[in-house]
Every structure is written in structure tokens, then in C-alpha cells.
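# Descriptive analysis of the structure
Residues per chain are reported as follows:
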Amino acid sequence: MLLQHLQDPEFVRLSLPFLGYFGVLVPALVVCMRSSVGHLIANRSKSLPTLLLGILLLTIATLSLTGTWFYIITWIVGDAQMYLESHPGTAITAWMKDCDLFTGAYVLVTEMSENWWWSVKLLNFVPSMVVFMWASAASSGSSTTNRVSIPAAGFLILGMLGAISVCWPLFLIQHVSQGKGCRLEGGQASFLLSICMALSVLSNVVQPYLAPGSVGFDFNLKAIHVLLLAPLLFKGANNKSGKTSKKTGGSSTSDSVRLLLIFLAGCSFVSFSTLTLDQLHAHAFDLARTLSNLQSAFFSNACQSSITLDYFSATTTSVLFMLYEVMAGEGGKKLGVWGKLCMSGVALLAPVLSTGVVFPLFLALIG
């Protein structure tokens, strides 16, 4: 059957976008995985907490890759089967011509308010993750090896094509292995970084109000990805050409980054609060019914299961990293016993208040 399809010029032509997608995803996964595992092995004798964290993060990345893509492949196969069943006698090329997997997936995770309640949690977290990656790009470390590191933009590309919960732990393995922590040493937040993060937040706000499948819906989705990636691409280009920000001394270099993180935490909190109140109001403030409805939304479709699992895994990664920083990282060295307890408490609030609220707040407090 496959050989017959390969002899069909139309099938080959329509396969090119799929091949292009996986032609970028698979190499990105291999390169990022190899870099992170290499850093983990090279620095295995550095400290036991760092080694244990790296092993846990690598395990999360592997399990998340398996879980999220199980649901994605299930959805793609099911979508093709449903199309062929509703169009008897139609060749697979007809489905390939009509399908838009990128937009179609987002339609399924935004069409109902309870679906969006889960999906936006991940979308609200990513800007703070990008700011952290941006700030860490120029920070100094104490790696015991001379291994080449993958730029943060490379990890984010993997996250956009694969899963955020795959790129995030892999990035942190490389980051921590280089002796870096939560220090905000990447220079003052650039105008590009600030405006892109603000616009990405705005894009998240308007996304559920755009008609599914419309030009505006599709444009906004692509805009979110471009806005998140652009600062890392330009940061990497500036670092490579030597045009890094000059530090002005004291804490002034990180103040603007800290303010940006607080802004993102505030926006995420407003989003979380209003969407949660909306869910409670829809069920007459019956907590049990609300929780049951949100639980049902998790299994409403394969795309929703994938993005929610993506969020759960990214949250687990973030909590582990924050606890590591408090107990064994650079950020926790300046904290006393009560400070460690308080910051650990903040980190453990992530599953309750959402990672988009807690992670940037944690960075702003400890960075």
C-alpha cells in the first residue's frame, strides 16, 4: 500500500509539509537530547543533588515525549479515519489536502471554556520560561567541561514542534550542569523582549474570542509562536556577534527582567482567577461539579489530553527546579531556614495557582 502511494505524485507532493515538520522536529530532539545528556554525564561528579535533578528531568522529558505524542498520533490517525469514513471512496490524499493539523489541534483545545481553562495554563507559563531562557543566555556558570551548549532558541523550537514539557527539562539539565541557577544576569530586558512578551499575553487573551478556523484565529496562533521565539533568536545572534548588554553594576541589570516577570505573574493570576470564577459561576459555585467538569475536559479529546499532560509535566519540572534552587542551588545560599521554607512553599503552590503565576514570581523573588 505504501509503495503504491509513493508512486502517486500527488501523495508525494502533499507529504512534503509533513516531512518538513518532522525533518526539523526529529533533528531538534536528537541535538537537544544529546546536548543535555552529554552535560549531565560530563558533570555527574559535580554534586549529587545536581545529578539526581538531571536524572529526574531526563525521565520527565522522556515520559512526556511518549505521553504527549501518543495522544497527538492518536488524534491524527483518528482524524484521518473519520474523514475517510465520512467520504467513502475518497483517497488519503483528499484528507491530506484538506487537513490543517496545526489549526485543527488548537480549535479542539479552545472551543469550550473548560478546555481553555486547561490550555491557557500552559500558554501563560511559556512567556516566563522564555524570559528565564533569555536571562540565562548571558549569565556566567561554573561548568567543569568545555562542551558546546545548544542555544535556548533551539530548545524552544523543539518545544513548539514537539512539546514544551520535553524542551523545558532538557534545557534545565544543560542550564544546571553549567553551574547556572536562578540568577537574573542576562542584562536589562530589551525592548524586543518586553514588547514580545506583552503581545504574547495579549494574544492569549484574545485567542478564545476568535472564530475557530478563521484567518484571525490562524494568524494569532502563528503570531504567538513568533513573538515567543523572536527574542531568543535575536539574543543568540547578539551574543554570537559579541553585542551583549553591558552590566551597569548592582542589581540594576536584573531589575527590568524582574519587573517583567512580576508583570507576567500578575497577568497569569488575573487569567487564572477570572477563568476559575467563570467556571465556578457556570456551575452555581458548586465546587464538586466544577472539578468534575474540568476533569471531564481533560479526556474530551486527544488534543486536549496532550496539551494538559504537557502542562502537568512542565509544572512538575518547574517545581523540581525551584525546590532544587532553594535547597541546593545558588539562589538558596542566601536564604536562611525560614527563607527556604517560605520559598519552598511558594514553589509548591504551582499546582494550585498555576505555573504561569508561581514560576515568574519565584524567579523575581529569588533571582
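Here the structure is shown first, and the text comes after it.
What counts, and where the lines are drawn
- Residues numbered from 1 in each chain as written.
- Predicted model: local features only at pLDDT ≥ 70, side-chain atom pairs only at ≥ 80, totals over all residues.
- Heavy atoms only, no water.
- Helix = DSSP H or I, 4+ residues; strand = E, 2+ residues; numbered from the N terminus.
- Buried < 20%, exposed > 50% of the residue type's maximum accessible area, 1.4 Å probe, protein only.
- Contact = heavy atoms within 4.5 Å.
- Areas by Shrake-Rupley, 256 points an atom, 1.4 Å probe, with all protein chains shown as cover.
- Expected span 1.5 Å × (residues − 1).
- Core = buried A, V, L, I, M, F, W, Y, C linked by side-chain atoms within 4.5 Å.
- Phe/Tyr/Trp six-rings, centres within 6.5 Å; stacked < 30°, edge-to-face > 60°.
- Lys NZ or Arg CZ within 6 Å of the ring centre and 35° of its normal.
- Salt bridge = Lys/Arg side-chain N within 4 Å of Asp/Glu carboxyl O.
- Axes fitted to C-alpha atoms, helices over the stretch in contact; angles between N-to-C directions.
- Parallel < 35°, antiparallel > 145°, perpendicular 65-115°, else oblique.
- Left-handed = near helix turned anticlockwise from the far one by under 90°.

Looking now at the overall build of the protein chain. A count of helical and extended segments in the protein chain gives 16 helices and zero strands. By residue count, 48% of the 367 residues in the protein chain fall in the buried class. Counted over contacts in the protein chain with a minimum sequence separation of 6, partners at least 24 positions apart contribute 81%. As presented, the protein chain carries roughly 17400 Å² of accessible surface, and 70% of it is formed by carbon and sulfur atoms.

Turning to unusual backbone geometry, a few remarks are in order. Within the chain, Ala 284 stands out as a residue other than glycine whose phi angle is a positive 55°. Tracing the sequence through the fold places Ala 284 in the loop between α11 (252-282) and α12 (287-298). Overall, the relative accessible area of 61% leaves Ala 284 in the exposed class. Backbone geometry places Phe 285, a non-glycine residue, at a positive phi of 55°. Residue placement: Phe 285 occurs in the loop between α11 and α12.

Under the 1.5 Å per step criterion, the end-to-end length of helix α6 (residues 113-136) is 35 Å for 24 residues, consistent within 8% with the ideal 34 Å. With 23 of 24 residues buried, α6 is to be regarded as a mostly interior element.

Below, the discussion takes up the nonpolar core. Core analysis: the largest hydrophobic core is formed by 98 residues, its most contacted members being Met 129, Leu 158, Trp 168, Leu 170, Met 197 and Phe 362. Among the elements that take part in this core, α6 stands out by supplying 15 residues, more than any other.

Here we take up the packing of aromatic side chains. Summed over all chains, the structure comprises 20 aromatic pairs. Both rings, one in Phe 102 and one in Tyr 106, keep their centres 5.5 Å apart while their planes meet at 55°; by these two values the pair is tilted. Of this pair, Phe 102 and Tyr 106 both sit in helix α5 (residues 101-110), four residues apart, roughly one helical turn. The class of Tyr 106 is buried, set by a relative accessible area of 18%. Arranged with centres 5.9 Å apart and planes meeting at 85°, the rings of Phe 132 and Trp 168 form a pair that is edge-to-face. Pair noted here: Phe 132 is in helix α6 and Trp 168 is in helix α8 (residues 164-177), with a separation of 36 residues, a long-range link. Comparing Phe 132 with Trp 168, the two get one shared label, buried. If you follow Lys 121 out to its NZ or CZ, it ends over the ring of Trp 117, 4.2 Å from the centre.

Looking at the element boundaries, Val 205 is found in helix α9 (residues 191-206). Overall, Val 205 belongs to the partly exposed group, its relative accessible area being 48%. Residues Val 205 and Asn 124, spaced 81 residues apart in sequence, show a C-alpha to C-alpha distance of 9.7 Å.

Turning next to the pattern of salt bridges. A full pass over the atoms with the stated rule returns three salt bridges. Lys 97 is paired through a salt bridge with Glu 10; the nearest N and O atoms lie 3.0 Å apart. Pair noted here: Lys 97 is in helix α4 (residues 92-98) and Glu 10 is in helix α2 (residues 9-42), with a separation of 87 residues, a long-range link. The salt bridge involving Arg 258 is made with Asp 255; its shortest N-O contact spans 3.5 Å. One end of the pair is Arg 258 and the other is Asp 255, both in helix α11 and three residues apart, which spans about a single turn.

Looking now at the packing of α6 against helix α16 (residues 355-366). Between α6 and α16, the least distance of the axes is 8 Å, while the angle of their chain directions is 25°. Classified by the angle their axes make, α6 and α16 are roughly parallel. Our pair here, α6 against α16, has a crossing hand that is left-handed. Side by side, α6 and α16 meet where Asn 124, Phe 125, Ser 128, Met 129 and Phe 132 of the first sit next to Thr 355, Gly 356, Phe 359, Pro 360 and Leu 363 of the second.

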